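Here are the chains, one letter per residue:
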Amino acid sequence: MAIQWSGLGPELLLRLNRSSGLPLRSQLEDGIRDAIRDGRLQPGERLPSSREFARELGVSRGLVQECYGQLLSEGYLDSQVGSATRVAARAYPAASKSGPGGASRAPGPAAAAPRLIADFRSGVPDLASFPRSDWVWAMREACREVATADLDYGDPRGSRALREVLSGYLRRVRAAAVVPDDLIICTGFAQGLNLVLEVLSQLGVRRVAFEEPGYGDDDTSTSVRSAALAGAPAVRVPVDDLGIDVATLAASEARAVVVTPAHQSPTGVVLAPARRHALAEWASRHDAYIVEDDYDSEFRYDREPVGVLQGIAPDRVFTLGTVSKSLAPAVRLGWIIAPPALSGALAEAKLLSDRGTSGLDQLALATLLRSGRYDRHLRKMRGVYARRREVLIGALGRHAPGVRLTGLAAGFHAVAHLPEAADEDAVVAEALRRSVGLYGMAPFRAIRGAAPPQLVLGFGLTGERAIEAGIAAVADLLR
Ligand SMILES: Cc1ncc(COP(=O)(O)O)c(C=O)c1O
């Protein structure tokens, strides 16, 4: 008999063969011993109570108790008075098997990351500020309120409830021209881009342009690798102080471009109004498409808000949004605003990819949006990042006044321009020796060579005091 124990214990497939002639007790002992040795049961994992386990196996409770007693005495299991029986921390004998299937395959503990005074990594929001209690509340509401029929596979575009509330939000906050039918919910920007690339490939697009600097080189950038896999290798188009150079784009063979108009990643440049119009015109003149990565526009500071490019060219623009910056990357929710003529093809691509994003997560996000808690969180975080931004400007002004800071209009990163003679890599390496995480512009470039030394300074993960201390600790390197 094979049983899968579940309930409150771990899932484990265990076989008891009643016709083998072997005593059930030794079969059970061997089964648990083997599971511990080969890593299917991990140190500290809880076993079911003897009563629960006996019922599932169809044996007497006494037999399970005897079996647990034996394994306790052998050191495989551990039990404290009043608490559950668990797999012993590490006291059991080493695995007898090795290689594939043996315990030696189990990954060891990750090497401890060095503790930093300040980590200026970009691309990540303040993970410690994730609105845990709001998310728990929204999830509970979603589970309680969800209609039974909505627990089935649904429209691959995503939950109607979320698409309705999100289109209203995007029309209001991002000046998007969107209706729920043209909105597809996906697993973050990453999946959104893959789905768009799939549809572009069906349209015969064989070259996709990416901003330079932007996503790094062909080997390291997942976005560029996705494009190559979709049969559309990347061309790079430079970004200057006004954003992407549309004339160079027009001279390339690309029929699609991935851009970050509201806050270029990583330079922070906002695409100038004339360039926005030139880009939209390029798309309509060349039967081309714009993939607008609207990743951090929720956080704008002292400038006029900029709507999405999609608002001025809805037939030519796919806008991709994500909650990875507004909530946390772990939520894995994003959306695509599709040109109306292509939303059906995108829905089909989504269906083939995964039949739809988690319905309950979508309902939780809809609940957060509808309740106003999402807006409240954004307002709070805007204040948090705005203060950090001021501290960063102030700290650099005091400790390294020659260092220019740009790209500060939105988001939570900026670019520090080092003196021309500075060696970007050497600054980063020496800063790390002093326990400060600094990051150069080089990993964002595909085209290496004579580029001015710059740092991309993120302040999503680093609080005000750490920013001040971190900049003070590396000030002489920056000057
Ligand atoms: C430029 C850019 N766009 C989008 C994202 C978000 O990607 P996702 O939604 O897949 O987490 C990131 C994440 O770091 C990013 O750097």
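Since the model is a prediction, treat every value here as computed from it, not as a measurement.

(A) Quick peek at the overall build of the protein. Along the protein, the regular secondary structure elements total 14 helices and 17 strands. In terms of overall dimensions, the protein has C-alpha extents of about 85 × 55 × 40 Å along its principal axes. Taken over 479 residues, the protein has a buried fraction of 50%. For the protein, contacts bridging at least 24 residues in sequence account for 74% of all contacts bridging at least 6. Accessible surface computed for the protein: about 22,200 Å², of which carbon and sulfur atoms make up 53%. With 57 positive and 55 negative side-chain charges, the protein shows a spacing of 5 Å between the two charge centroids.

(B) Structural view of the sheet that holds strand β17 (residues 454-458). Pairing is antiparallel in the open sheet, where 3 strands are placed in the order β14-β15-β17. Only two strands of the sheet have a single partner each, and these edge strands are β14 (404-406) and β17. Put simply, the sheet's adjacent strands are angled 30 degrees from each other on average, direction ignored. With 5 bridges joining them, strand β15 (residues 413-417) and β17 adopt antiparallel strand pairing. The partner of His413 across the bridge, within β17, is Gly458.

(C) Structural context of the site of the ligand. Residues in close proximity to the ligand include Gly123, Gly188, Phe189, Ala190, Ser265, Asp293, Tyr295, Thr322, Ser324, Lys325 and Arg332, which together make up its full environment. Within the side chain of Asp293, a nitrogen or oxygen atom sits 2.6 Å from a nitrogen atom of the ligand. Lys325 places a side-chain nitrogen or oxygen 3.0 Å from an oxygen atom of the ligand. Considered on its own, the ligand offers 390 Å² of accessible surface; in the complex 79% of this is hidden by protein. A total of 3 residues in the shell around the ligand trace back to one element, the largest contributor, which is helix α6 (residues 188-202). A per-class count over the shell around the ligand returns 3 nonpolar, 5 polar and 3 charged.

(D) Molecular detail of helix α2 (residues 50-57). Among the residues of α2, those classed as buried are Ser50, Glu52, Phe53, Ala54 and Leu57. Gly58, located one to two residues past α2, shows a positive phi value of around 70 degrees.

(E) Geometry of the sheet that holds strand β7 (residues 208-212). Strand order in the open sheet made by the 8 strands is β6-β13-β12-β11-β10-β7-β8-β9, with mixed pairing throughout. Bordering the open sheet on either side are β6 (183-186) and β9 (243-244), each of which pairs with just one other strand. Pairing between β7 and strand β10 (residues 256-259): 3 bridges, direction parallel. In the strand pairing of β10, Val208 is matched with Ala256.

(F) Region of interest: the packing of α6 against helix α7 (residues 222-229). Contact pair α6 / α7: the axes reach a minimum separation of 9 Å and the direction vectors enclose 25 degrees. The angle between the axes of α6 and α7 places the two elements in the roughly parallel class. Classified by chirality, the crossing of α7 by α6 is right-handed. Residues Phe189, Leu193, Asn194 and Leu197 of α6 form the contact with α7, whose own contacting residues are Ser223, Ser226 and Ala227. Considering only residue class, the contact of α6 with α7 consists of 4 nonpolar, 3 polar and no charged.

(G) Representation of the nonpolar core. Leu438 and Leu478 are the most contacted members of the largest nonpolar core, which has 61 residues in total. The contacts of Leu478, once residues within four sequence positions are left out, are Leu396, Ala400, Val403, Leu418, Pro419, Val427, Leu438 and Leu455.

(H) Seen up close, the packing of aromatic side chains. In the structure shown here, the tally under the stated rule is 8 aromatic pairs. Relative to Tyr374, the ring of Tyr169 has its centre 5.7 Å away and its plane inclined at 80 degrees; by these criteria the two rings are edge-to-face. Highlighted residues: Tyr169 in helix α5 (residues 160-174) and Tyr374 in helix α12 (residues 373-399), separated in sequence by 205 residues. For the pair shown, Tyr169 and Tyr374 are each scored as buried. Aromatic pair Phe210 and Tyr215: ring centres 5.4 Å apart, planes at 70 degrees, arrangement edge-to-face. For Phe210, a relative accessible area of 0% translates into the label buried. We classify Tyr215 as buried; its relative accessible area is 19%. Aromatic rings pair up to connect Phe299, Tyr385 and Phe412 into one cluster. The lysine or arginine in question, Arg316, covers the ring of Tyr289, its NZ or CZ lying 4.8 Å from the ring centre. For the cation-ring pair, Arg373 lies above Trp137, with the distance from its terminal atom to the ring centre recorded as 3.6 Å.

Thresholds, definitions, all that
Residues numbered from 1 in each chain as written. Predicted model: local features only at pLDDT ≥ 70, side-chain atom pairs only at ≥ 80, totals over all residues. Heavy atoms only, no water. Helix = DSSP H or I, 4+ residues; strand = E, 2+ residues; numbered from the N terminus. Buried < 20%, exposed > 50% of the residue type's maximum accessible area, 1.4 Å probe, protein only. Contact = heavy atoms within 4.5 Å. Areas by Shrake-Rupley, 256 points an atom, 1.4 Å probe, with all protein chains shown as cover. Lys, Arg positive; Asp, Glu negative; His and termini not counted. Charge placed at Lys NZ, Arg CZ, Asp CG, Glu CD. Pairing = 2+ DSSP bridges. Axes fitted to C-alpha atoms, helices over the stretch in contact; angles between N-to-C directions. Near = heavy atom within 4 Å. Polar contact = N/O pair within 3.5 Å; in protein donor to acceptor, adjacent residues only side chain to side chain. Nonpolar A, V, L, I, M, F, W, Y, C, P; charged D, E, K, R; others polar. Parallel < 35°, antiparallel > 145°, perpendicular 65-115°, else oblique. Left-handed = near helix turned anticlockwise from the far one by under 90°. Core = buried A, V, L, I, M, F, W, Y, C linked by side-chain atoms within 4.5 Å. Phe/Tyr/Trp six-rings, centres within 6.5 Å; stacked < 30°, edge-to-face > 60°. Lys NZ or Arg CZ within 6 Å of the ring centre and 35° of its normal.

Any functional reading would require information beyond the geometric quantities listed.
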